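# Coordinates in review
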Amino acid sequence: MEMYIHLEKARNGELGNGENFNYSKAQLVGKNEIQTNTGGITIEEGKTFNIDAYITYFNLFEDKTSEIRFEIIDEDLAMVNSETGEILALRQGRTTVIAKEIGTDKIAVVPVRILENSRM
């Protein structure tokens, strides 16, 4: 008895990346986006907030870590520590923090709304 098997390559690729190639080297697979501890920040003038950002990768041979840098669109409204992600709200308004993975084009966008200090 002869048996024939028809194999069709997966639509999303062998590694889930849309490509169907035979790789001779180990490939890094995992998340394709930066994760943050917040989807948006509302903060008062003079207050601080720490944005944590990371990418989780899975690799059979080693754990890969990523290096994230932070920048803020409007430096008149708030300051951000480029290495730690700590924001200091300076003036009332709206701005955006961008978290970027070094060496790739992956980013996370965190909207920031700064409220007037409500001291009584």
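Before going into details, it helps to say that this report is about the structure given with it.

### Here's the deal with the nonpolar core
Residues Ile41, Ile51, Phe70, Ile87, Val97, Val112 and Ile114 are the most contacted members of the largest nonpolar core, which totals 19 residues. When residues of this core are traced back to their parent elements, those giving at least two are strand E3 (41-44), strand E7 (68-72), strand E8 (78-80), strand E9 (86-89), strand E10 (93-101) and strand E11 (107-115). The element that contributes the greatest number of residues to this core is E11, accounting for four residues.

### Notes on the sheet that holds E3
A sheet is described by the order of its strands in space; here four strands give the open sequence E3-E11-E10-E7, paired in mixed fashion. In this open sheet, the two edge strands, each paired with only one partner strand, are E3 and E7. On average, each strand axis in the sheet is inclined to that of its neighbour by 25 degrees, with strand direction left out of account. As defined by bridge partners, E3 adjoins E11 across four bridges and the pair is classed as parallel. In the strand pairing of E11, Thr42 is matched with Arg113.

### Here we look at the environment of Val109
Here Val109 is to be found in strand E11. Residues Val109 and Val97, spaced 12 residues apart in sequence, show a C-alpha to C-alpha distance of 6.0 Å.

### Describing the pattern of salt bridges
Scanning the model with the defined rule gives three salt bridges in all. Between Glu101 and Lys106 there is a salt bridge, and its shortest N-O distance comes to 4.0 Å. The same class applies to Glu101 and to Lys106, which are both buried.

### A closer look at the sheet that holds E9
Sheet strands pair via backbone hydrogen bonds, and the direction of the pair is either parallel or antiparallel. The strand order across the open sheet built from three strands is E4-E9-E8, with neighbouring strands paired in antiparallel fashion. Sheet topology places strand E4 (48-50) and E8 at the edges, where each strand pairs with a single neighbour. On average, adjacent strands in this sheet sit at an angle of 15 degrees to one another, irrespective of strand direction. With three bridges joining them, E8 and E9 adopt antiparallel strand pairing. Across the sheet, residue Val80 finds its bridge partner in E9, namely Ile87.

Reading the values: rules and limits
Residue numbering note: each chain is counted from 1, following its sequence as written. Residues qualify for local features only when their pLDDT is at least 70, as the model is predicted, and side-chain atom pairs are given and counted only at 80 or more; totals for whole chains, interfaces and linings, by contrast, use all residues. As a rule here, side-chain values come from all non-hydrogen atoms in the structure, and water together with hydrogens is ignored. Each nonpolar core is a collection of buried residues, namely Ala, Val, Leu, Ile, Met, Phe, Trp, Tyr and Cys, held together in the definition by side-chain atoms within 4.5 Å. Type-normalised accessible area, obtained with a 1.4 Å probe on protein chains alone, sets the label of each residue: buried when under 20%, exposed when over 50%, and partly exposed for intermediate values. Per the convention used, a helix needs a DSSP run of H or I reaching at least four residues, while a strand needs a run of E reaching at least two, with both numbered from the N terminus. Should DSSP find at least two bridges between two strands, the strands are regarded as paired. Every axis in this analysis is a line fitted to C-alpha atoms, fitted for helices over the stretch in contact. Angles between the N-to-C directions lie between 0 and 180 degrees. For this analysis, a salt bridge means a side-chain nitrogen from Lys or Arg found within 4 Å of a carboxyl oxygen belonging to Asp or Glu.

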